[in-house]
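# Structure at a glance
Letter by letter, the chains look like this.
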Amino acid sequence: MKRTKFLQNLGLLSGSLALGPIAKLYGVDSPFGLALKQSDNDDDFWRIIREQFVFPDDYIYMNTGGIGALPSLVINKVVTSMNEQERFPRPGHSHDNWIDIKKTCAALFGTECKVEELALISCATEGINIILNGIGLKAGDEIITSTHEHPALHIPLLNHHRLNKVNIITFDPDMHSAAGNIDRISRLITNKTRMIFISHVTCTTGQVFPIKEIGELAKSKGIILAVDGAQAPGSMEINVNNLDVDYYVCSGHKWMLGPKRTGILYVPSKNLDFLQPTTVGAYSDSGYDISKMSLTLQDSAQRYEFGTQNEPLFLGLGAGAQFVQTIGLKKIQAHNRELAEAFYEGLSGIKGVEILSPEEKEYRSSIISFRIKSQKAQDVASFLGKGKAIRVRVVTEAGLNGVRASFHVYNQRFEVDKILNKIADFSKQ
Ligand SMILES: Cc1ncc(COP(=O)(O)O)c(C=O)c1O
């Protein structure tokens, strides 16, 4: 690829990036920018990206669906800001930094996503709980969800069943047809249905649910749609404002390449007064007076934030989100999907392998899952992890007995061949 094209992809020439303090990390004169300038083909490009990560060259990491790895610039951002903070200890966090971080993250949610619609939270699980606790669920209400959700959603749902007698109605995802999922949800809707709460991309098989269509269905029936996006922003282009979702949560530590214990909650302005914050404190308000019994909450999703923040961690999240944007979501999605498809194709040629990911290509993602007939998934994963380790994740959810491989910016084509060869070896045993 030509140098100019590279720089355009990186947004380094176009000035298209919001150049706050975070973006400066990736300037043309940064080591990262300089290295990229020198690359002149696609393999070089991804090799340079790989060099930004500190794990050993022969460690094949295919579990971004669990935890993403941090680029060294992100690690440095966290460490330097923590050092700076401790040189002049003071309470509170910088409002300007906070806005800058949200601006940078908002870009991964689509061009129309506004800073006021995002709350910085500790993880996707926290966001799921904020939503379930804040919509005024009562006994007899029904929530529709899939059997392929992460424990981060199933456990809070079951807790509402336990505490509030809310009924949880499940469907098994249709792996043959995206439209089949709309039908399955549609058939479960009753006059007691309050909410549909599902993943954007499932953690089990990487299935992309047709969120826009499900959003239209929910809207037409007056039902809330909440989406667990832990596996989406940072791995694919999304435009959350166009999806007809009421709430959307994601982790910062997976595809956005941010530190652990960071996450994002999206609440469109129209839903602010409906979703009641149930844990509040300093920063949730724009004014209060105990002598007058008055409290005014922030007129933004900041009302869901509270208490002392770990600012260096979130500066790291902003730096991770900027790293993703510097490469470009379109380019990342194409890269990740190319590797995932090569893996899918390869798996389909190995005897004894059963692919668990969807049949329809456009509803597959950067995650592909499979199982080997009559073998325990844990044994397959342990075999892959031996020696020059390939890290994957076992899928126990819904009794799938599967193995999941995730593909992100640090993965390269030769790694797909390596894992396929190892799976072929195992399946011969
Ligand atoms: C779909 C899904 N939702 C939620 C989570 C939990 O995320 P967090 O640790 O940010 O709460 C995960 C983690 O793997 C996930 O895959």
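The text that follows walks through the structure, step by step, so that each part is easy to find. If you're wondering where the values come from, they're calculated on a predicted model, not measured in any experiment. (Residues numbered from 1 in each chain as written. Predicted model: local features only at pLDDT ≥ 70, side-chain atom pairs only at ≥ 80, totals over all residues. Heavy atoms only, no water.)

### What to know about the environment of T104
Within the secondary structure layout, T104 lies in helix α5 (residues 95-106). Under the relative-accessibility criterion, T104 is labelled buried at 6%. Remark: the alpha-carbon pair of T104 and Q322, spanning 218 residues in sequence, is separated by 6.3 Å. A polar contact is formed between the side chain of T104 and the backbone oxygen of D100, at a distance of 2.7 Å. (Helix = DSSP H or I, 4+ residues; strand = E, 2+ residues; numbered from the N terminus. Buried < 20%, exposed > 50% of the residue type's maximum accessible area, 1.4 Å probe, protein only. Polar contact = N/O pair within 3.5 Å; in protein donor to acceptor, adjacent residues only side chain to side chain.)

### Brief notes about the pairing of strand β6 (residues 224-228)
Among the 5 residues that make up β6, 5 are buried, leaving the element largely enclosed by the rest of the structure. Judged by which residues are buried, β6 turns out to be covered on both faces: I224, A226 and D228 on one side and L225 and V227 on the other are all buried. As paired elements, strand β5 (residues 193-199) and β6 share 5 bridges and run parallel to each other. Counted as the bridge partner of M195 is I224 from β6. With helix α9 (residues 211-221) bridging β5 and the parallel β6, this β-α-β connection has right-handed handedness. Across 3 bridges, the pairing between β6 and strand β7 (residues 247-251) is parallel. When the bridges of β7 are listed, V227 appears paired with Y248. (Pairing = 2+ DSSP bridges. Right-handed = clockwise from strand over helix to strand, strands pointing away.)

### Concerning helix α7 (residues 151-164)
The terminal C-alpha atoms of α7, which comprises 14 residues, lie 19 Å apart, in line with the 20 Å expected from a rise of 1.5 Å per residue. For α7, the elements touching its buried residues are α6 (124-134), β3 (142-146), β4 (167-171) and β5. Where α7 terminates, the next one or two residues include K165, which has phi positive at roughly 60°. (Expected span 1.5 Å × (residues − 1). Contact = heavy atoms within 4.5 Å.)

### Focus: the site of the ligand
As a structural note, the neighbourhood of the ligand is formed by 14 residues, with T125, D228, Q231, S251 and K254 the closest of them. Between the ligand and T125 there is a distance of 2.4 Å, counted from an oxygen atom to a side-chain nitrogen or oxygen. Coverage of the ligand by the protein chains reaches 91% of its 400 Å² of free accessible surface. Residues that form the shell around the ligand fall into these classes: 5 nonpolar, 7 polar and 2 charged. (Near = heavy atom within 4 Å. Areas by Shrake-Rupley, 256 points an atom, 1.4 Å probe, with all protein chains shown as cover. Nonpolar A, V, L, I, M, F, W, Y, C, P; charged D, E, K, R; others polar.)

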